[in-house]
Amino acid sequence: RDAQESRGLGDVYKRQITGFTAYTAIDGALIWYMWSKINNQNYGFLECWRLAIPKIPFLAGLYLVASAPIILGLLLLVFPGLYVLSRFSFADIELVLNKKSIRAAMETSWQATEGTWPILLAGYFLITVIIHVPVVLLTSELGNFFDSKVFLALNGLLFVTLNCLYTIFSYRVYYQQEQT
């Protein structure tokens, strides 16, 4: 039984790492895609991926480093974590487009979101309440009927895709701020 539980836990970790890697890659490609459309470059799917691939380790590092204060803040009183999350909202964009280091991207994001963090926080809240919560409820119910690796993989893909909505929203706010 212990070996079976250990194997099951290993599968969970593999899915988590795969999902994290997929999200990191998709996030980088998505940032390049939005940049290209706004700047009339019209990069194709493969070009966005080509540009994003070198940034994947740095994006992963950024997400890991930024998640520590966010999680700590969530554990303290929830709001401090959400505040930190909103202040780091532009860090991935800065890292990908402006070739900043993890630390510089976080510092630039913190400064750039001084006046926009409430908008970012409100947008994240709406995305979560309107889209994520219903999807979590639906997939948890469906998970009771479909206990298979295929369902888990599709569920993970769905969440990676939905998480891109946060990046799209952040980029829209970032772009608006850059225009003013």
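Below or above, wherever it landed, is the structure these notes cover. (Residues numbered from 1 in each chain as written. Predicted model: local features only at pLDDT ≥ 70, side-chain atom pairs only at ≥ 80, totals over all residues. Heavy atoms only, no water.)

## Focus: the overall build of the chain
- If you tally the helices and strands in the chain, you get eight helices and zero strands.
- Ordered by position from the N terminus, the helices and strands of the chain form the series α-α-α-α-α-α-α-α.
- Within the chain, the fraction of its 180 residues that count as buried is 36%.
- Within the chain, residue pairs in contact and separated by at least 24 positions form 68% of the contacts whose partners lie at least 6 positions apart.
- When the accessible area of the chain is evaluated, it comes to approximately 11100 Å², of which 68% is carbon and sulfur surface. (Helix = DSSP H or I, 4+ residues; strand = E, 2+ residues; numbered from the N terminus. Buried < 20%, exposed > 50% of the residue type's maximum accessible area, 1.4 Å probe, protein only. Contact = heavy atoms within 4.5 Å. Areas by Shrake-Rupley, 256 points an atom, 1.4 Å probe, with all protein chains shown as cover.)

## Details of unusual backbone geometry
- With a phi angle near 55°, Asn-40 is a residue other than glycine that sits in the positive phi range.
- Accessibility expressed as a relative area gives 64% for Asn-40, which makes it exposed.
- With a phi angle near 55°, Lys-99 is a residue other than glycine that sits in the positive phi range.
- Positionally, Lys-99 belongs in the loop between helix H5 (91–97) and helix H6 (102–112).
- Judged by relative accessible area, which is 63%, Lys-99 ranks as exposed.

## Focus on the pattern of salt bridges
- Inspection of the entire model under this criterion finds four salt bridges.
- Put simply, Arg-50 and Glu-47 hold a salt bridge, and the shortest N to O gap is 2.5 Å. Here the residue Arg-50 and the residue Glu-47 both occupy positions in helix H2 (residues 45–52), the gap between them amounting to three residues, near one helical turn.
- Classification of Arg-50 as partly exposed rests on a relative accessible area of 48%.
- Classification of Glu-47 as partly exposed rests on a relative accessible area of 27%.
- Between Lys-100 and Glu-94 there is a salt bridge, with the nearest N and O atoms lying 3.4 Å from each other.
- Here Lys-100 falls in the partly exposed class, since its relative accessible area comes to 27%. (Salt bridge = Lys/Arg side-chain N within 4 Å of Asp/Glu carboxyl O.)

## Observations regarding the nonpolar core
- In this structure, Trp-32, Leu-62, Phe-90, Ile-93, Val-96, Leu-97 and Tyr-171 are the most contacted members of the largest nonpolar core, which totals 34 residues.
- Setting aside its immediate chain neighbours within four residues, Ile-93 contacts Ile-31, Asn-98, Ser-170, Tyr-171 and Tyr-174. (Core = buried A, V, L, I, M, F, W, Y, C linked by side-chain atoms within 4.5 Å.)

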